[in-house]
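Listed below are the residues making up each chain.
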Amino acid sequence: METQDTKLAVIAVVVEREESVRILNDLLHSYSSYIIGRMGIPYRQRGISLISIAVDAPGDIISGLSGKIGRINGISAKVAYSKR
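Residues numbered from 1 in each chain as written. Predicted model: local features only at pLDDT ≥ 70, side-chain atom pairs only at ≥ 80, totals over all residues. Heavy atoms only, no water.

Engineer: What is the right way to look at the sheet that holds strand β1 (residues 7–15) in this model?
Structural biologist: Two pairing modes exist for strands in a sheet, parallel and antiparallel, and in both the strands are linked by backbone hydrogen bonds. Judged by pairing direction, the sheet is antiparallel, and its four strands sit side by side in the order β2-β3-β1-β4 without closing on themselves. Of all strands in the sheet, those with a lone pairing partner are β2 (35–43) and β4 (75–81), marking the two edges. With direction set aside, neighbouring strand axes in the sheet form an average angle of 15 degrees. Pairing between β1 and β4: seven bridges, direction antiparallel. In the strand pairing of β4, Ile11 is matched with Val79. Along the sheet face, helix α2 (residues 59–70) touches β1, β3 (48–57) and β4 and points at about 160 degrees away from the line of β4. (Pairing = 2+ DSSP bridges. Helix = DSSP H or I, 4+ residues; strand = E, 2+ residues; numbered from the N terminus. Axes fitted to C-alpha atoms, helices over the stretch in contact; angles between N-to-C directions. Contact = heavy atoms within 4.5 Å.)

Engineer: Got a minute to help me understand a nonpolar patch on the surface in this structure?
Structural biologist: Where nonpolar side chains cluster on the molecular surface, the patch consists of Met39, Ile41 and Leu50 and spans about 270 Å² of accessible area. With respect to the secondary-structure elements, Leu50 resides in strand β3. Leu50 sits in the partly exposed class, given a relative accessible area of 36%. (Patch = residues over 30% accessible without salt bridge, like charges linked within 9 Å, V, L, I, M, F, W, Y side chains within 5 Å. Areas by Shrake-Rupley, 256 points an atom, 1.4 Å probe, with all protein chains shown as cover. Salt bridge = Lys/Arg side-chain N within 4 Å of Asp/Glu carboxyl O. Buried < 20%, exposed > 50% of the residue type's maximum accessible area, 1.4 Å probe, protein only.)

Here it is in structure tokens:
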């Protein structure tokens, strides 16, 4: 999918409510054509999960996805973009 119209980014996600994971997974499935890969780390001592999502997509798609993730109750998200 890599083109000059797309950007590479990582979306860092913190999940503090386990019951919100299904909503997050459904959302990510709808953006699966832009997702390169993802890694989740459950941190059981604190009852949270940390997820990184690598994406290759137009900037508006990345910001839209990040915004939708951040609006899910108990979940927060931030984006880091590649400079290339």
